[in-house]
Structure formats: C-alpha cells, structure tokens
Amino acid sequence: MTEKPIKLLLVEDEHDFRETCARWMQRKGHHVTAVASGAEALGLCEQEVFEVAVFDMNMPGMSGMELLQRVQQAKIEMEVIILTGQGTIESAVSAMKLGACDYLTKPCALGDLEHHCQLARDLGQLRKENRQLKAVISRDRPRIPLIGKSPVMRDVTRMIEKIGPTDKPVLLQGESGTGKEVIARSIQLSSRLRDKPFVTINCAALPEQLVESELFGHTKGSFTGATADKPGLFEIADGGTLFIDEIGELPLSLQPKLLRVLEDGSMRRIGSHKELRVNVRIIAATNRDLSIEVRDGQFREDLFYRINVLSLHLPPLRDRDGDVDELIHHYLTPPWHIDDAAHHALVQYQWPGNVRQLINVLQRAMILADSNTITLDDLPDEIIHSFDGSAPLPARTPSPQPALAPHHANGQMRGIPTASSEAPATVKLDDIARAHVMDVLAQENGNKARTARRLGIHRRKLYRLLERFEANSHAEANSHAETES
Ligand SMILES: Nc1ncnc2c1ncn2[C@@H]1O[C@H](COP(=O)(O)OP(=O)(O)OP(=O)(O)O)[C@@H](O)[C@H]1O
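As named in an unreviewed UniProt entry, the chain is Sigma-54 dependent transcriptional regulator, taken from Aporhodopirellula aestuarii.

Have a look at this one:
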C-alpha cells in the first residue's frame, strides 16, 4: 500500500535470530528496535511509538502472549504479529482473539516476515484513518455553501482560493457570527487536505484543563476523571486540518505547548512522557485583535507570528452590500415569503451578531409567523425599533392623506362606500378599517406612534395595515386603469 519505512519493534529472546532479522529489516530501510524480553519491550512502548511489533511466543519470563495481553491492557496502539516455533491452530486462534493481527511460524523467510509487517502496518493505518473518520464525522457539520456576492465577499473568496492550497497556518479575524468557521471549512476544501480530517475545537467553550486534554489527549489516571487513555484532537486531525476557534481565549499556560506542536509537530499527552509526532494544518480564528492581546501580554508574540502566516479578515455583515438580501433568499425557501416592510427592516438593520443573528431571526420568524409570509410582527423588537428610528418606511408607505380622511357624521363615516351609495353594495371591512385608520392618522398629523397608541395597536401592526392599504389601493388603481383602457 505504501513504501514508507516501518517503525518496527522486534521482541525475540534468541540472539542470532533477533540480530539477523533486525539487520535484514534495517537493510530494507525500516526503523527497527530489537529487544530480548517482554519487560524491555513494555518499557520502550511507554516511550516510543511503533507501528508494528513482532513478539516471539516462547520467551523466558513474559511470554509473547502475556506481552500481547499487557500491550492490549495498556491500550498501546500498534499492530502485533506473533511468531512461534511450534505453531498450532489453537495458539493462533488465541493470539488473534487477544488482538494480534497476524501469526507466523518459524522458520519463516525474512522476505515473508517483511511482507507481513507491511500488511500489518497498512492495516494499522486503515484502523487509524477509520478512528479519525469516526471522530471527524461526529464532530463535523455538513458543508455549508458560502452565501454572499458583495465585493468584500468576492475578495474573501479570491483569498480562499489563494490561501487554500498552501497548507500554511491561517488566522481568520472577524466579529462573532461573520462565518469564520464556514470560511475555515472552505479553505480546507480548497486544499489538498480536503479528504483528510477536519477537526474543530472552540477554546472559549471549554475550561482550561479540558482545552488541554481535548487538544493533546491524556493518559489514564493523569487527572481525576481520566479513566482511560484518550487521544487529543491533534492526533485525531493528524494528516489533516485542525480549526481552533476563539484562539484568543487559549490560556497563556497552554500557549507554549501549542507553539511547540506548530514548530516541529511534537507533543505529549497529559500525563505521558511519550513524544508523539503529528502533521496538522492549523486554521485559527478570533474575534479579538490579537496584536492588542500581544501588547497586553495576554497572547505570546512568538505564537502570534506562528499562526499569523496568512491572515484573512472577515467583514461584518453590515459592510456586505446585498448579502443580507441573498442570505434571506437562501434561507427562506418556498413556501416561505417575506413582505416588503419586513424585508426592508432586515436589510437596513446593522446586524451586530452578523450572519448567525440573521439566521436566528429568520428561524424565529418562521416559528412565530401566522402564515407562510413573514411580516414585521414576526421580527424582534430591536429590529423593529431600529427600523422605526433610522429609516423611513419603504417608499410605498402612504403618507397621511387628509383628503381621504373621513369624519363622523350621523354615526356614519364619510367617504366609506355604503349600501346607499353608488359604490359596490357590499361594505368591505378593510375599507372601514382603512377609513378609520386614515382618520386617526390625519388627526395626529401623520405621527404613527401616537396614531398606533390611539388605535390601541402596536406600531408594527400600524405599519402592516398601512402597507396593506397601499397595496390594495394600487391594485384598485390598476384594475380601474385596465377597465378604462
Ligand atoms: N457566508 C455564509 N453563508 C452561509 N451561511 C453562513 C455564512 N457565514 C456564516 N454562516 C452561518 O452563520 C452561522 C455562524 O457562522 P460561523 O460559526 O462560521 O461564525 P463565526 O465567525 O465562526 O462565529 P464565532 O466567532 O461566534 O465562532 C453558522 O450557522 C453559519 O452556517
């Protein structure tokens, strides 16, 4: 499967056989460590990582089978081949049951031994990839399309295409909710690591001790609650990408450990002396200005330069012309609609929580809406209020029209079609409402807040009514025009 040298541990008490095997495998380019006893082997496994181990079955002291058991108990990850001079079906079955991946009988040709070691190493890699994939699948979110064609987002997309294939660390900066994680994923997908693990951690979401154990893993018993050995995200992401969100929150005490793994790929699990090597591309994100954190002594300068090889600033949503509209249409799919007033309110809002807030507002509105059309009534107060204050109603909102304003006479409202007038025989409720609302609006000199108060309705409701009246009068005007032509 691969021609890479194997990191091999050979445990064999017979001196001549051990030396011959070791020399032969070394000549083939593999990295071999040969020892004569199980006890020595266990000690070594605590210090070093081996891909494959070959255990002789019959050794004085600890037998190959016992050694296999101890290795399994200690959860040492490597593929084990058992080698014996007296091969029986029973011993082969028990070795496999104990977790050996292969079984060879002596005498065996050295070429065969190498071949079996290669198969074992490939099997180990498949197992590792499988573990990584499982971990990644459970942590990963489905791919999210990057919505937004504003000029600033086009620049971001161009940068992603340039940055992606370099495999260099990337620092993403931008306010919360601007899409840093989505961008990180896009960068990974445009890199040659696209099929490798993409693992994420949010430093702000975890207490300090947990951040360390999540990133670097731990050994059993290294702290209260560490009931088993656990690989860290660096190991899980090995060969792929690790997205470290909110890196500005990474405790100062952990920063040297991160710097080290970034510099030469070396790290240790908490509680372990064993040095591990990983090869991980880092994409880090922050909504803080890290240079200020460096100045204030909250972030190490050397780490800052290490992660800031390539940096990308994500603009806030309020600076992305046209993107709110595009996001609304992406997330509100048929049968959902949004009316013009609500649409204007969303487009004009400043979105301090950026895309995340917009998505939340739309989801909330879909829950609150009485029909499939989202109206101002379905939007949160802060959006309505900022809409009221900062922008006039959409151009189509009718200005108060005193000429239309009816007044009460004989208990009837003037200007309203009645059964005795020449207008249609049926009095539409909408027309009555319209006449009344316009009346009050005129009396209040066009002040909508006071009008709403007098009518006993929320201002949002008034806006909706005015919108509807105007839409109806447009429709009426059009139908008159059509009849006349
Ligand atoms: N351009 C975009 N297109 C589509 N969805 C987006 C876009 N940007 C962000 N989102 C969505 O907005 C939400 C927030 O995005 P994300 O988590 O990537 O933001 P963030 O900047 O990492 O936030 P934080 O700093 O709080 O971690 C997610 O649901 C994401 O899917």
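What follows continues from the structure just given.
Enquirer: Could you clarify how one ought to interpret the overall build of the chain in this entry?
Expert: Within the chain, the regular secondary structure consists of 19 helices and 18 strands. Burial status across the chain gives 33% buried among its 485 residues. If you take every contact in the chain between residues at least 6 apart in sequence, the share linking residues at least 24 apart comes to 69%.

Enquirer: Please clarify how the site of the ligand should be interpreted in this entry.
Expert: Every one of the 18 residues lining the ligand counts as a neighbour, but Ile147, Ser176, Gly179, Lys180 and Glu181 are closest to it. Those elements giving two or more residues to the shell around the ligand turn out to be α7 (180–189) and α15 (354–368). Inspection of the shell around the ligand shows a minimum of three residues originating in each of domain 2 (151–315) and domain 3 (316–380).

Enquirer: Teacher, can you tell me more about the environment of Leu110 here?
Expert: Structurally, Leu110 can be placed in helix α5 (residues 110–139). A tally of 15 C-beta atoms within 10 Å means that Leu110 is categorised as partly exposed. For the pair Leu110 and Trp24, spaced 86 residues apart in sequence, the C-alpha to C-alpha distance is 7.5 Å. In contact with Leu110, other than residues within four places in its own chain, are Cys21 and Trp24.

Enquirer: Which parts of the structure should I look at to understand the packing of helix α13 (residues 323–331) against α15?
Expert: Each pair of packed helices can be summarised by the angle the axes make with each other and by the distance between the axes. In the contact formed by α13 and α15, the axes pass within 11 Å of each other and the chain directions differ by 45°. The orientation of α13 relative to α15 falls into the category oblique. Where α13 crosses over α15, the handedness of that crossing is right-handed. Each of Val324, Leu327, Ile328 and Tyr331 in α13 lies in contact with α15, whose residues at this interface are Val355, Leu358, Ile359 and Leu362. Of the residues in the contact of α13 with α15, the class split is eight nonpolar, no polar and no charged.

Enquirer: Would you mind going over the nonpolar core with me for this structure?
Expert: Nonpolar side chains tend to gather and get buried jointly when the protein is soluble and globular. Ranked by internal contacts, the top residues of the largest apolar core, which has 41 residues, are Leu172, Phe234 and Leu242. Residues within four places of Leu242 in sequence aside, it is in contact with Val199, Leu233, Phe234, Ala237, Val280 and Ile282.

Enquirer: Got a minute to help me understand the packing of helix α2 (residues 38–47) against helix α3 (residues 64–73) in this structure?
Expert: At a minimum axis separation of 10 Å, α2 and α3 run at an interaxial angle of 20°. With respect to their mutual orientation, α2 and α3 come out roughly parallel. You can see that α2 and α3 cross each other, and the crossing is right-handed. Residue-level contacts link Gly38, Ala41, Leu42 and Cys45 of α2 to Glu66, Leu67, Arg70 and Val71 of α3. Here the contact of α2 with α3 is composed, by residue class, of five nonpolar, one polar and two charged.

Enquirer: What's the story with the sheet that holds strand β10 (residues 241–245) in this structure? I'm lost.
Expert: Within a sheet, neighbouring strands are paired by backbone hydrogen bonds and run either parallel or antiparallel to one another. Taken in spatial order, the five strands of this open sheet run β7-β10-β13-β6-β14, and their pairing is parallel. For this open sheet the edge positions go to β7 (198–202) and β14 (310–314), each flanked by a neighbour on one side alone. Direction aside, the axes of adjacent strands within the sheet are offset by 15° on average. As defined by bridge partners, β10 adjoins strand β13 (residues 281–286) across four bridges and the pair is classed as parallel. From the neighbouring strand, Ile244 faces β13, where its bridge partner is Ala284. Helix α6 (residues 151–163) contacts β6 (170–174) and β14 of the sheet and is inclined by roughly 160° relative to β14.

Enquirer: When you look at the pairing of strand β2 (residues 31–35) in this model, what are you seeing that I'm missing?
Expert: Looking down a regular strand, the side chains alternate between one sheet face and the other. Burial along β2 is one-sided: the face carrying Val32 and Ala34 is buried and the face carrying His31, Thr33 and Val35 is not. Note that the unit made of strand β1 (residues 7–11), helix α1 (residues 15–27) and β2 has a crossover that is right-handed.

Thresholds, definitions, all that
Residues numbered from 1 in each chain as written. Predicted model: local features only at pLDDT ≥ 70, side-chain atom pairs only at ≥ 80, totals over all residues. Helix = DSSP H or I, 4+ residues; strand = E, 2+ residues; numbered from the N terminus. Buried ≥ 20, exposed ≤ 12 C-beta atoms within 10 Å, placed from the backbone. Contact = placed C-beta atoms within 7 Å. Near = placed C-beta within 6 Å. Domains from an automatic or database assignment. Axes fitted to C-alpha atoms, helices over the stretch in contact; angles between N-to-C directions. Parallel < 35°, antiparallel > 145°, perpendicular 65-115°, else oblique. Left-handed = near helix turned anticlockwise from the far one by under 90°. Nonpolar A, V, L, I, M, F, W, Y, C, P; charged D, E, K, R; others polar. Core = buried A, V, L, I, M, F, W, Y, C linked by C-beta atoms within 7 Å. Pairing = 2+ DSSP bridges. Right-handed = clockwise from strand over helix to strand, strands pointing away.

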